[in-house]
Structure formats: structure tokens, C-alpha cells
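These are the residues of each chain, in order.
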Amino acid sequence: MSRARNHLRAALFLAAASARGVTTQVAAQRGLSAWPVPQEPSMEYQDAVRMLNTLQTNAGYLEQVKRQRGDPQTQLEAMELYLARSGLQVEDLDRLNIIHVTGTKGKGSTCAFTECILRSYGLKTGFFSSPHLVQVRERIRINGQPISPELFTKYFWRLYHRLEETKVDLAVVEVGIGGAYDCTNIIRKPVVCGVSSLGIDHTSLLGDTVEKIAWQKGGIFKQGVPAFTVLQPEGPLAVLRDRAQQISCPLYLCPTLEALEEGGPPLALGLDGEHQRSNAALALQLAHCWLQRQDHHGAGEVKASRPGLLWQLPLAPVFQPTSHMRLGLRNTEWLGRTQVLRRGPLTWYLDGAHTPSSVQACVRWFRQALQGRERPSGGPEVRVLLFNATGDRDPAALLKLLQPCQFDYAVFCPNLTEVSSTGNADQQNFTVTLDQVLLRCLEHQQHWNHLDEEQASPDLWSAPSPEPAGPTSLLLAPHPPHTCSASSLVFSCISHALQWISQGRDPVFQPPTPPKGLLTHPVAHSGASVLHEAAAIHVLVTGSLHLVGGVLKLLEPALSQ
């Protein structure tokens, strides 16, 4: 398979003009619909997704690419070539009224708020984000809804055939994570840009300090295009300021939501969690600026409410949010982020936090939610953590941040809905091997046990070594930890983990008979009795958006319809 074919996946999302940097597109003027529709009578949605998955970079080739990574600027040049092969030119993207948002934490929520605000004004919106949770078509949304399976299938095959017809060997184009050399930066003329909270993430691509990451994220700034950011630590904020000044990009610091609420009623948000207030404040500035520039045919100026002081930036306008803005903030939905599902005795808390700062925010949200809960009249309450982390993230650091939640059980599993994902194309991932993900889960468990034992008796106990329960077992776990430690288990897929946690007590998630061997381990057997008798079970699912997506697929079957 040629390099061009291996990396065709990156080009397949050009219809949305973005990837992974999370871009909101509003009132698009021209798109792929200008082409005649080819007839694909035998092709269904799952066929298109399976073909898309064959274009994923496999784990071995991905490692080779990382070792041989060359000039990152060539990625943008290659992206222009892919765009031309798809039948579009960069000038076509220039005609779109794009809001381009990047950041480490909260960029998806910021875009969700912004998009809902603009829809509340009666505008037609397009929204691209990555990754998806349940189905790949979620990445492309029109007027707040994922495009239909039929529409995804139609445009996939249209683009696939165009790229096949013009196939040549090209430089590798990687779907990135937003920033200077990301393929989203092919967008040359956005209406406005935004940078959400910055922190340490994707260090192998972006750098190992928050300042280096800020330099990358600031790469989306464009000359003369207004940009907004939330309050950041002094170091990365100074980097963003310098980056903007170098190219004459007017960059503003967002006032807090409290400042915008002065003199009016409090703003109600559709997304829970104190950290969402920062995302909402950025969204209000992006929507306000976009609307003003549209009224002035793209030439509206932002009037700072306070000039820059020292390393700080000029403060963006402080204005009274309109009724449309209030409605948009209140109606915003963004699955898998501070989401709560109440099912009989079970309450599922879903948050795709995967960086230290986002996990800290997740812990605050979870603990606040528990404080405000209605306590059951009789019987014990049980807290369960379901966790996985991927990529170059530090699982030990993330798990340490979760310790204050005082979980009774910690459960680890890979981001696989079932043991075999052959019948579920939307959840397939060829960039890692099964051995890799299972070993990583065992490492997570070892980190957790070590943290628990350190907390209980730091000088007397050492972490146990992973010892699988058997080559054919569906349950992987070391010997039971010391009695001072919370119990931990590793399951081979999300479905088995949820079966053990729910014990058949979730009225929606009712899988067939549990697989043989699910309760063979003593911790699993004793824990099953505790969970079955509990008056309330609180389950926090976090560490990976892909894990949250797999859980949602099983708990909310309608999302797969």
C-alpha cells in the first residue's frame, strides 16, 4: 500500500476543512455538494467506515513515521496537494466564514457553546471536531446534528474515488492535534480565532513544556484576524502574545463570565462543571466578534475594554450577553464532557478528561456532584472508577489526581467496546495492537495499587506485579491487593467492565449472560456481591474520550442508530 493510500484518511475529512484542531464553520458558501452524485447502490454506511479504517496508519508504520519525521512544514504543503486532488483549492476555503479554535483543554466545549449561540440567531452552522465518540459521522455536524449515514456514505465514496483516480506518491500527511503545522492550518482566512486553556499534552508532537505547546497552538493566528484566549499562566500567555505580535494579529484576553454577568441575571450553562465557565466566556467573545465582523463585511474592529499591562494582553470587550447568547449557552449539549446518566441505582459520570488540568477539573466536578446528590435511605453507596489513558500521557500522574475521590473499586480496560470489534467499524483502531493496550491497562492497575498502598502504608508495601489470570481468561488481574488498598481489576473490553460494574442493575444496559470467567478472580467475585447489594453506585468514567465513547455506545444504544 503506497504512502498516499496509507494516509488518505487525513484527506477524507477535507469536506469539513479541518481535523482535530476543532474548527467551527458557519454559513459555508461552497462545498462538496457542487459535484455530481455517484451511484453506490451496494455501499452502506458501515462499508464506508470499514474502508476508511483500512486507510488508518497501522501501529508499526506509525512508529516508523515518528522516527523519520522530517520538516513539519511539508505537511501543510502536502495538505494543499490533497485538497487539490479532492477538487478544491485553498481559495475555496477562504470563502468560508470560519471560526478556528485550538487549545489543550476545552476547545471542543468552546466550539459547542459557540455553535449553539450562532444557531440561536437562526444561522446555519457547520462544525467539525475530533475524535468522535460513537460514530465517525459525529465529526461533521450541520446545524448541531451529525450528518446522516447516507450523507457521510455519499461524500466518502465521492472523495475516495477522486483521490484514487489521482493517486501518486506524496509526503505523509498526518491528522494532527491543532497548531502551527497541523493540517487544519491550511485555513488562511478565518473570521476569528480562539485559544482555550493550555497544558501539557501530546508532548511527542508539540513539545515537553507548556511554553512550547503555546508556540504551536499560536500557529493558527493570522495577520489582521482577531484572536481571543482565556487566562493562562504567565509563560504560555507571553508566548501567545509574542506569537501574535510577530504577525500583527490582534490578540485579546477574555474577561471572566462573572464580569459579563454584572448587571444582569446569572448565565445558565448547558454543560456542568466550574471549568466550563472559562470555555463559555471564550465562546461568547468568538460569537460576538464573528457577528460584528459579519455586520461590517469582515472589517469590524474589536474595541478593548482595557489596554495591555506589562505581559498581559488587552482585555476583550465587556458586554451584556443578548437573549440569543443566553439561550445558546443554556441549550448547549456536548456528549462525554461532564455528562451524567442516572439509571436506577447507578449514576454514570462521563468526562473525557485526559490531561492533568482537565482531570483536576473533572475531580472537582465529580466531588461537587456527589455533595449535591440525594442520599439513599438504606444500604451502602459504592464509588467505582473506570479509567484508561492512551498515547504519551502519564497515567501515574493522572491516577494520582483521582485518588481524592476515594473509590471503592478501580476498573481498567482498553478502549475496545467488545473483545472483537470486527462488527463495529466505528470503534476500530489499527494504530495500536491488542497486546499493547492490554499491557498498558495492567500498568495502569499497577500504578493505582502502588498509589493506594503508598497512601495506606508508604514504607511497608510495594506495588504488586501484574499476573494475568490465565491466557484464555476474559478477566486480567493480579492477586488481590493488600486489605488497606482499594480493589482494582482489569477487563479485556468495555462491555465486560460494564457488566461487572452494573451487575444487571442498569435498566438500559442489559447484555446477554456474562462471559465465562468474568467472576473467577476473588476480587471480581466479592465485588460483585457488594455491587449487587449497594443502594447506590457512582461510576466515574474518565481518562480517554475514546473510552467514554465506547461506554456511551453501550449505555445509549440510540446513538448508534
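Residues numbered from 1 in each chain as written. Predicted model: local features only at pLDDT ≥ 70, side-chain atom pairs only at ≥ 80, totals over all residues. Heavy atoms only, no water.

Engineer: Could you give me a rundown of the nonpolar core, with the residues and numbers involved?
Structural biologist: Formed by 36 residues in total, the largest nonpolar core has its most connected members in Trp348, Leu386 and Trp500. Every element with two or more residues in this core is listed here: β10 (346-350), β11 (381-387), β12 (409-412), β14 (487-491), α18 (494-502), α19 (522-533), β15 (536-542) and α20 (545-555). In terms of residue count, α20 provides more of this core than any other element does, seven residues in total. Excluding residues that lie within four positions of it along the chain, Leu386 makes contacts with Val411, Cys413, Ala497, Leu498, Ile501, Leu540, Val541, Thr542, Leu547 and Val551. Core analysis: the next-biggest nonpolar cluster, separate from the first, contains 35 residues, Ala112, Leu118, Leu282 and Val302 among them. (Core = buried A, V, L, I, M, F, W, Y, C linked by side-chain atoms within 4.5 Å. Buried < 20%, exposed > 50% of the residue type's maximum accessible area, 1.4 Å probe, protein only. Helix = DSSP H or I, 4+ residues; strand = E, 2+ residues; numbered from the N terminus. Contact = heavy atoms within 4.5 Å.)

Engineer: How would you sum up the packing of aromatic side chains? Please name residues and give values.
Structural biologist: Across all of its chains, the model carries 14 aromatic pairs by this definition. Centre to centre, the rings of Trp157 and Tyr160 are 5.4 Å apart; their planes meet at 75 degrees, and the pair counts as edge-to-face. Note that Trp157 and Tyr160 are positioned in helix α8 (residues 149-165) at a spacing of three residues, about one turn of the helix. Judged on exposure class, the residue Trp157 and its partner Tyr160 are both buried. For the ring pair Tyr349 and Phe366, a centre distance of 5.0 Å and an interplane angle of 85 degrees mean the geometry is edge-to-face. Placement of the pair is Tyr349 in strand β10 and Phe366 in helix α15 (residues 356-371), with a sequence separation of 17 residues. You'll find Tyr349 and Phe366 in the same group, each marked buried. Put simply, the rings of Tyr45, Phe152, Phe156, Trp157 and Tyr160 touch in pairs and so form one group of aromatic residues. The ring of Trp215 is capped by Arg243, whose NZ or CZ atom sits 3.7 Å from the centre of that ring. (Phe/Tyr/Trp six-rings, centres within 6.5 Å; stacked < 30°, edge-to-face > 60°. Lys NZ or Arg CZ within 6 Å of the ring centre and 35° of its normal.)

Engineer: Describe the UniProt feature "binding site: ATP" (unreviewed entry) in the protein, naming the residues involved and giving the relevant values.
Structural biologist: Under the UniProt annotation, the feature "binding site: ATP" (unreviewed entry) is placed at Arg337 and Asp351. Position of Arg337 relative to the elements: it lies in the loop between α14 (323-331) and β9 (339-343). Overall, the relative accessible area of 14% leaves Arg337 in the buried class. What Arg337 contacts, discounting residues up to four positions off in sequence, is Ser109, Leu133, Gln276, Leu350, Asp351 and Leu545. (UniProt positions renumbered as here; feature names shortened; annotations may be inferred.)

Engineer: I'd love a proper account of helix α10 (residues 210-217), names of residues and values included.
Structural biologist: Spacing of three or four residues puts side chains on the same side of an α-helix, whose turn is 3.6 residues. Taken residue by residue, α10 has Val210, Ile213, Ala214, Gln216 and Lys217 as its buried positions. Down the axis of α10, the buried set is contained in an arc of 160 degrees. They therefore lie on one face. (Arc of directions from axis to C-beta.)

Engineer: Provide a residue-level description of the pairing of strand β2 (residues 97-102), including the pertinent values.
Structural biologist: Burial runs high along β2: six of the six residues are buried. Here β2 shows a buried face lined by Asn97, Ile99 and Val101 and a second buried face lined by Ile98, His100 and Thr102. Of the strand pairs in this sheet, β2 and strand β6 (residues 192-195) are connected by four bridges, and their pairing is parallel. Each residue of the ladder has a partner; that of Ile99, found in β6, is Val192. (Pairing = 2+ DSSP bridges.)

Engineer: Explain unusual backbone geometry to me, and be specific about the residues and the numbers.
Structural biologist: Omega for the peptide link from Ser130 to Pro131 comes to 0 degrees, which places this bond in the cis form. When you line up the elements, Pro131 lands in the loop between β3 (125-128) and β4 (140-142). One non-glycine residue, Asn143, lies in positive phi territory at about 55 degrees. As for its placement among the helices and strands, Asn143 is situated in the loop between β4 and β5 (145-146).

Engineer: Describe the packing of helix α7 (residues 107-120) against helix α13 (residues 276-295), naming the residues involved and giving the relevant values.
Structural biologist: Running from N to C, α7 and α13 point in directions that differ by 45 degrees, and their axes come no closer than 8 Å. Judged by the inter-axis angle, α7 sits oblique to α13. Note that α7 runs across α13; the crossing there is right-handed. Of the residues in α13, those touching α7 at Ser109, Thr110, Phe113, Thr114, Ile117 and Leu118 are Gln276, Asn279, Ala280, Leu282, Ala283, Leu284, Leu286, Ala287, Trp290 and Leu291. Its residues assigned to classes, the contact of α7 with α13 comprises 11 nonpolar, five polar and no charged. (Axes fitted to C-alpha atoms, helices over the stretch in contact; angles between N-to-C directions. Parallel < 35°, antiparallel > 145°, perpendicular 65-115°, else oblique. Left-handed = near helix turned anticlockwise from the far one by under 90°. Nonpolar A, V, L, I, M, F, W, Y, C, P; charged D, E, K, R; others polar.)

Engineer: Talk me through the environment of Ala214; I want residue IDs and the actual numbers.
Structural biologist: With respect to the helices and strands, Ala214 occurs in helix α10. In this structure the C-alpha to C-alpha distance between Ala214 and Gly235, which are 21 residues apart in sequence, comes to 8.8 Å. Contacts of Ala214, omitting those with residues within four sequence positions, involve Leu198, Pro236, Val239 and Leu240.

Engineer: Lay out the packing of helix α16 (residues 395-402) against helix α17 (residues 434-456) in plain terms, naming residues and giving numbers.
Structural biologist: One way to put it is that α16 packs onto α17 with a least axis distance of 9 Å and a crossing angle of 45 degrees. Relative to α17, the element α16 is oriented oblique. In this structure, the crossing between α16 and α17 has a hand that is right-handed. Seen from α16, the contacting residues are Pro395, Ala396, Leu399, Lys400 and Leu402; seen from α17, they are Arg440, His444, His447, Trp448 and Leu451. For the contact of α16 with α17, the residue count by class is six nonpolar, two polar and two charged.

Engineer: Account for the pattern of salt bridges, with residues named and values stated.
Structural biologist: Under the defined criterion, the tally for this structure stands at 13 salt bridges. The residue Arg375 makes a salt bridge to Glu381 at a minimum N-O spacing of 3.7 Å. Overall, the relative accessible area of 56% leaves Arg375 in the exposed class. Take Glu381: its relative accessible area is 26%, and that puts it in the partly exposed class. Each of Glu258, Glu261, Glu274 and Arg277 takes part in one network of salt bridges that share partners. (Salt bridge = Lys/Arg side-chain N within 4 Å of Asp/Glu carboxyl O.)

Engineer: Tell me about the pairing of β10, and name the residues and values.
Structural biologist: Summarising burial for β10: five of the five residues are buried, a large majority. Where β9 lies against β10, five bridges are found, and the strand directions are antiparallel. Its bridge partner lying in β10, Gln339 is registered against Leu350. Adjacent in sequence and paired antiparallel, β9 and β10 are bridged by two residues, among which Gly344 carries a positive phi angle near 60 degrees. Bridge analysis of β10 against β15 gives five bridges, and the strand direction is parallel. In the sheet register, Leu350 faces β15, and the bridge partner there is Val541.

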